Amino acid sequence: MAPKVQPLAQGGGTLKRNLGLWAIVGLGLGYMTPTIVFDTFGIVSQQTDNLVPLAYVLALVVMMFTAVSYGKIARAIPSAGSAYTYVRESIHPNLGFMVGWTSLIDYILLPMVNCLIIRNYLEQLIPGVWPGIWVILYCIVVTSIIYLTMRGTSNLNMLLIVFAGIVIIVFVALVWVQLAGGAGAGTVLSAAPFVHGGMQFGAVLAGATVVCFSFIGFDAVTMYAEEAKHPSIMPKAILLTVILGGAIFLVSSYFTQLRFPDWQQFNDASLSDSSLTQIGQVVGGRVFQIVLTSAGFAATVASGLASHASVSRMLLVMGRNNVLPQRAFGYINPRTHTPTFNVVLVGAICLLAMSFSLDLIASFINFGALIAFTFVNISVIAWFAWRKNLRHAPRDVFRYIVMPLIGMALTGLLWVNLSADALIGGTVWTVIGFVYLLVLTRGFRRKVASFDENDAVTGYNKVPTETMQALPDDDLDQAATR
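Residues numbered from 1 in each chain as written. Predicted model: local features only at pLDDT ≥ 70, side-chain atom pairs only at ≥ 80, totals over all residues. Heavy atoms only, no water.

### Overview of unusual backbone geometry
Excluding glycine, a negative phi dihedral is what most residues carry, and trans is how most peptide bonds are arranged.
Then comes step 1: Of note in this structure, Asp 49 is not a glycine but carries a positive phi near 60°.
Then comes step 2: Note that Asp 49 resides in the loop between α2 (36-48) and α3 (52-76).
Then comes step 3: Its identity as a non-glycine residue notwithstanding, Asn 389 has a phi of 60°, on the positive side. (Helix = DSSP H or I, 4+ residues; strand = E, 2+ residues; numbered from the N terminus.)

Structure follows, in structure tokens:
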């Protein structure tokens with residue numbers, strides 16, 4: 001064990017390295033909300049003309065290329081902070097700030113989305129009660145858990161994800177039996193969910209843009225880089241989160257599409273709000289409807305815990321770098337080892353779920369996520385091909401230039417299908433960030449304050465960045481699997 005050093009954080013507290021591989025993967029899966037496939041199925045089925053699984057395949061391919069880029073850059077820069085840190089270190093602090101600021105619209109609003117979904121579930125289960133009370137209770141409970149302990153957050157998140165996973169397995173089993181009995185498409189094996197006459201690729205691509213919202217979470221696990229038991233597990237955690245999450249979405253959407261081969265089977269309310277309750281009713285009656293709704297509730301709470309904790313740590317990184325007021329945002333409570341100011345702030349923002357609509361917030365989130373995905377791919381090129389001069393051997397050209405360029409191109413396909421609300425709202429948020437950057441840098445006469453990534457904030461020395469970079473790629477890959 002490396003010797004302890006004085007932490008560079010307000011309050012004298014430190015983050016703790018106590019999260020293993022599966023704890024981080026669980027947080028990522030929790031962030032992704034596995035049951036979200038049922039909530040959005042009705043509207044995506046309508047949009048794609050009953051090709052929801054194909055939309056998930058396209059989104060998964062895009063996410064896989066970007067996940068590889070995340071793994072490469074997270075291994076080279078083993079620090080919490082995600083796209084913000086990677087762009088700041090590989091390209092320029094000012095650009096890093098802008099990417100971080102734009103990504104905040106994703107990270108900060110996703111906890112509110114979970115709060116909105118919980119509010120909708122409880123409104124359906126207990127009608128006649130003022131919806132705001134559910135928002136307040138949710139915010140108090142989730143904020144309190146994350147305020148007190150990160151380890152407890154991880155454990156509770158894992159329990160909720162396991163429960164949701166079991167219910168999804170039961171759902172697939174029920175649908176399998178019904179399909180074999182002639183219900184829905186009347187077959188367990190069919191290519192119809194992936195291709196049929198009259199399919200329009202543009203419509204499927206638009207659907208992929210919607211379902212890419214489901215994958216938001218694999219990138220968020222990089223926030224736990226400084227709480228991972230060892231930085232080398234991060235690339236594997238990122239890939240496992242994408243692969244397992246994608247498999248859950250693909251299998252669930254495939255069987256749901258076979259059971260509901262025509263989107264017109266859903267009523268208007270399911271298309272505008274959530275189709276989860278109707279899917280549960282048709283597949284298993286009132287009892288299973290309650291069970292599936294409970295699984296959706298559990299998965300949404302798990303996502304709320306994971307997303308709330310992640311954005312709190314992103315604000316911590318920006319605070320300790322003094323791009324946000326360090327005294328508040330850079331503070332770590334020495335008793336709880338959590339960034340308590342940030343945790344409470346995010347909880348307060350979630351209270352806005354009493355006023356905003358789910359559609360509007362989700363469209364803003366997609367804007368921030370695609371900004372992060374695009375610039376992480378650019379960061380790989382800038383860090384490895386430019387800064388480290390790994391652009392001469394064919395193997396290096398393929399790994400550090402061609403693959404991230406493919407990731408950027410595929411992400412670009414999603415960009416062109418963003419809604420007008422996402423583009424307008426995201427642009428306004430970006431302009432606000434640019435004005436704030438002008439103030440911070442006094443008209444670009446100075447750089448945004450930086451942070452020495454080799455200093456410890458976890459209580460133990462991190463693996464020095466230079467050491468990680470000096471290792472051959474094969475050795476790094478072996479370290480990631482240990």
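We are not done yet, so read on.
### Side note on the pattern of salt bridges
Where side chains of opposite charge bring their charged atoms close, a pairing between them can arise.
Then comes step 1: Across all of its chains, the model carries 1 salt bridge by this definition.
Then comes step 2: Its salt-bridge partner being Arg 88, residue Glu 89 comes within 2.6 Å of it at the nearest N-O pair.
Then comes step 3: Using a relative accessible area of 3% as the deciding quantity, one classes Arg 88 as buried. (Salt bridge = Lys/Arg side-chain N within 4 Å of Asp/Glu carboxyl O. Buried < 20%, exposed > 50% of the residue type's maximum accessible area, 1.4 Å probe, protein only.)

### So, the confidence of the model for the chain
Then comes step 1: On average, residues of the chain score 80 in pLDDT, and 83% of them reach the 70 mark or higher.
Then comes step 2: Scored below 50 in pLDDT, residues 451-482 makes 74 contacts in the model with residues more than four places away or belonging to other chains. (pLDDT = per-residue confidence, 0-100. Contact = heavy atoms within 4.5 Å.)

### Here's the deal with the environment of Val 251
Then comes step 1: By the secondary structure assignment, Val 251 is in helix α9 (residues 234-259).
Then comes step 2: Considering only alpha carbons, one finds Val 251 and Ile 169, 82 residues apart in sequence, at a separation of 9.8 Å.

### Let's talk about the environment of Ser 214
Then comes step 1: Residue placement: Ser 214 occurs in helix α8 (residues 201-215).
Then comes step 2: By relative accessible area, Ser 214 is classed as buried at 1%.
Then comes step 3: Sequence spacing of Ser 214 and Gly 246 is 32 residues, and the spatial spacing of their C-alpha atoms is 9.0 Å.
Then comes step 4: Sequence-distant contacts of Ser 214, defined by excluding residues within four places in its chain, comprise Met 32, Ile 36, Tyr 56 and Phe 249.

### Some thoughts on the environment of Arg 75
Then comes step 1: Tracing the backbone shows Arg 75 in helix α3.
Then comes step 2: For Arg 75, a relative accessible area of 7% puts it in the buried group.

### Considerations on the packing of helix α4 (residues 82-90) against helix α5 (residues 93-125)
Then comes step 1: Remark: α4 packs on α5, axes separated minimally by 7 Å, with the N-to-C direction vectors making an angle of 170°. Comparing their axes, α5 and α4 come out roughly antiparallel. Judged by residue contacts, Ser 82, Ala 83, Tyr 84, Val 87 and Arg 88 of α4 engage Pro 93, Leu 95, Gly 96, Phe 97, Val 99, Gly 100 and Tyr 107 from α5.
Then comes step 2: Among the residues making up the contact of α4 with α5, the classes are represented as 8 nonpolar, 3 polar and 1 charged. (Axes fitted to C-alpha atoms, helices over the stretch in contact; angles between N-to-C directions. Parallel < 35°, antiparallel > 145°, perpendicular 65-115°, else oblique. Nonpolar A, V, L, I, M, F, W, Y, C, P; charged D, E, K, R; others polar.)

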